[in-house]
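The residues making up each chain are set out below.
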Amino acid sequence: MSWSSRLEGVAPFRVMNLLEAAQAREAAGHDVIHLEIGEPDFPTPAPIVEAGQQALNAGHTRYTPAAGLPALREAIAAHYAECFGVSVAPERILVTPGASGALLLASQLLVESGDRVLMADPTYPCNRHFMALAGAAIDAVPVGEESGWQLDAGLVATHWREDTRLAMLATPSNPTGHMLNADQLGDVAGAVAERGGHLLVDEIYQGLSYDLAPLSAASVAPGAFVVNSFSKYFGMTGWRLGWLVAPEAAVEPLSRLAQNVFLAASTPAQHAALAAFCPECRDILEQRRIELQRRRDALLDGLASLGLAPSLPPQGAFYLWLDISRYSSDSEAFCRQLLEEENIAITPGTDFALQGGERHVRIAFTTDVGRLEEAVGRLERFLARRKGTR
């Protein structure tokens, strides 16, 4: 049986196989430390849950407009004004089923077969896959510490081709946790605009920043398409709710796409998300951000003692991107053996990087400091055994 050739550009997400193996070990009685999945151990904040329950009790289960609940679009617009000092008309905001829904809309609007898309390597693999499904060719530009693990204006200029249509950024990024500042964002936006292209910015970890103030491309590059989500900062992963900020001229075709592709995002989830911006919820979220920074710092300290801490620490999100080339040139085997021998689940770099992924792994600091310290101890034993066999 044959399938669409578009699927050839979509690779499996290897971490899901590792998660399945980790869960099987847990079921067999092993004490597994989960550092593989991008989902902190915090529950959805109580005000959001209560608002969702109230919405259900009130019968808010019917369709909303395709672009989202008007009150939620207004609340998101107010969020941009309050936090980033930028005026974004609610009409430019489309509420979607997760950030994935926003990426789907953007990819279908912005690229077509034969177009080329620039993005950093490493990056979140679904960013590549959405564009590949739209028929685009991906130019994955290798990045490293010299560019802060991000595309910069120079890289855009060097790698832009005649048929390049779109550049995509992610800040803070997954898997490296690195960010672009306002000047860097502005320079990239200028380089893209000079070449007549579009800029798409993934900001789903926005708000989870530790060394730089949160920033939105909406305040630096008004013509950019900006993807965001209630999953990461707001703790609503399973509610499946995100949004897309688009230039005014793009709203009508995007709405038309939304009407046909998914009709509307979940109504109870949209009502619940209204509470995400209340003062009580903001206090909870800020405390969680502080806790994640504490976890990052504890993990960096522990890895430094093993000589594994990155020299350029992540500024946001909740990931560390580690070079394991001293110990292995096969990150998938490394992660599998680490799970089997020490019951630590981390993610192979091959999920994220087309070049160099076999020499890197991603660790998610999504569990408490005590468990992270235990993980460092187990990792030390594991590495000591590998050092002795090399």
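My aim in this report is to walk through the structure given alongside it, one point at a time.

Reading the values: the criteria
Residues numbered from 1 in each chain as written. Predicted model: local features only at pLDDT ≥ 70, side-chain atom pairs only at ≥ 80, totals over all residues. Heavy atoms only, no water. Helix = DSSP H or I, 4+ residues; strand = E, 2+ residues; numbered from the N terminus. Rg over C-alpha atoms; globule rule 2.2 N^0.38 Å. Buried < 20%, exposed > 50% of the residue type's maximum accessible area, 1.4 Å probe, protein only. Lys, Arg positive; Asp, Glu negative; His and termini not counted. Charge placed at Lys NZ, Arg CZ, Asp CG, Glu CD. 1 Å grid on protein atoms, 1.4 Å probe; cavity = no way out; pocket = protein on both sides within 12 Å on 5 of 7 lines; lining within 4 Å. Points joined across faces, edges and corners; volume = space filled by probe spheres on them. Nonpolar A, V, L, I, M, F, W, Y, C, P; charged D, E, K, R; others polar. Pairing = 2+ DSSP bridges. Right-handed = clockwise from strand over helix to strand, strands pointing away. Salt bridge = Lys/Arg side-chain N within 4 Å of Asp/Glu carboxyl O. Expected span 1.5 Å × (residues − 1). Arc of directions from axis to C-beta. Contact = heavy atoms within 4.5 Å.

### Side note on the overall build of the protein chain
Reasoning step 1: Each helix and strand in the protein chain was counted, giving 12 helices and 12 strands.
Reasoning step 2: Compactness check: the protein chain gives a C-alpha radius of gyration of 21 Å against a globular reference of 21 Å for 390 residues, within 12% of the reference.
Reasoning step 3: Expressed as lengths along the three principal axes of its C-alpha atoms, the size of the protein chain is roughly 60 × 55 × 50 Å.
Reasoning step 4: For the protein chain, the residues scored as buried account for 57% of the 390 residues in total.
Reasoning step 5: Within the protein chain, the 46 negative side-chain charges are centred at a point lying 4 Å from the centre of the 31 positive side-chain charges.

### Brief notes about the layout of surface pockets
Reasoning step 1: One number sums up the size of the largest pocket: a volume of about 500 Å³.
Reasoning step 2: If you go around the largest pocket, you meet 23 residues; those closest to its centre are Phe13, Gly38, Tyr124, Tyr205 and Lys232.
Reasoning step 3: Looking at the lining of the largest pocket residue by residue, the classes come out as 11 nonpolar, seven polar and five charged.
Reasoning step 4: One number sums up the size of the second largest pocket: a volume of about 260 Å³.

### Quick look at the sheet that holds strand β11 (residues 347–348)
Reasoning step 1: Taken in spatial order, the three strands line up as β9-β12-β11 in an open sheet, and their pairing is antiparallel. Whereas interior strands pair on both sides, the edge strands pair on one side only; in this sheet they are β9 (319–323) and β11.
Reasoning step 2: Inspection of the sheet shows β9 paired to strand β12 (residues 360–364) by five bridges, in the antiparallel sense. Residue leucine 322 lies in a different strand from β12, and its bridge partner there is valine 361.

### Side note on unusual backbone geometry
Leaving glycine out, the prevailing phi sign among residues is negative, and the prevailing peptide bond configuration is trans.
Reasoning step 1: For the peptide bond that leads from aspartate 121 to proline 122, omega is 20 degrees, which places it in the cis range.
Reasoning step 2: Of note, the bond from threonine 171 into proline 172 is cis; its omega dihedral lies within 30 degrees of zero at -10 degrees.
Reasoning step 3: With respect to the helices and strands, the residue proline 172 is situated in the loop between β5 (164–170) and α7 (182–194).
Reasoning step 4: Positive phi outside glycine occurs at alanine 317, with the angle close to 60 degrees.
Reasoning step 5: Among the secondary structure elements, alanine 317 is positioned in the loop between α10 (279–305) and β9.
Reasoning step 6: Looking at alanine 317, the relative accessible area reads 0%, which means it is buried.

### Quick look at the pairing of strand β3 (residues 116–121)
Reasoning step 1: Judged by how many residues are buried, β3 sits mostly within the fold: six of six residues are covered.
Reasoning step 2: Read as a crossover between parallel neighbours, the route from β3 over helix α5 (residues 125–133) to strand β4 (residues 137–142) is right-handed.
Reasoning step 3: Of the pairings in the sheet, the one linking β3 to β5 comprises four bridges and is parallel in character. Within the sheet, the bridge partner assigned to arginine 116 lies in β5 and is threonine 164.

### Some remarks on the pattern of salt bridges
Reasoning step 1: Under the counting rule described, the total for this entry stands at 20 salt bridges.
Reasoning step 2: In this structure, glutamate 342 and arginine 381 form a salt bridge, with 2.7 Å as the shortest nitrogen-oxygen distance. Separated by 39 residues along the polypeptide, glutamate 342 in helix α11 (residues 331–342) and arginine 381 in helix α12 (residues 369–389) bring together distant segments of the chain.
Reasoning step 3: Note that arginine 359 and glutamate 358 form a salt bridge whose closest N and O atoms lie 3.0 Å from each other.
Reasoning step 4: Under the relative-accessibility criterion, arginine 359 is labelled partly exposed at 37%.
Reasoning step 5: For glutamate 358, a relative accessible area of 30% translates into the label partly exposed.
Reasoning step 6: Overlapping salt bridges, with partners in common, bring together Asp31, Arg371, Glu374 and Arg378 in one network.

### Topic: helix α2 (residues 46–57)
Reasoning step 1: The end-to-end C-alpha distance of α2 is 16 Å, a good match for the 16 Å that 12 residues give at a rise of 1.5 Å each.
Reasoning step 2: Inspection of α2 places Pro47, Ile48, Ala51, Gly52 and Ala55 among the buried residues, and these make up the whole buried set. Taken end-on, α2 shows its buried residues confined to a sector of 140 degrees, consistent with a single buried face. Exposed and facing more than 90 degrees away from the buried side of α2 are Gln54 and Asn57.
Reasoning step 3: For α2, the elements touching its buried residues are α9 (267–273) and α10.
Reasoning step 4: One or two positions beyond α2, positive phi appears at glycine 59, with a value near 80 degrees.

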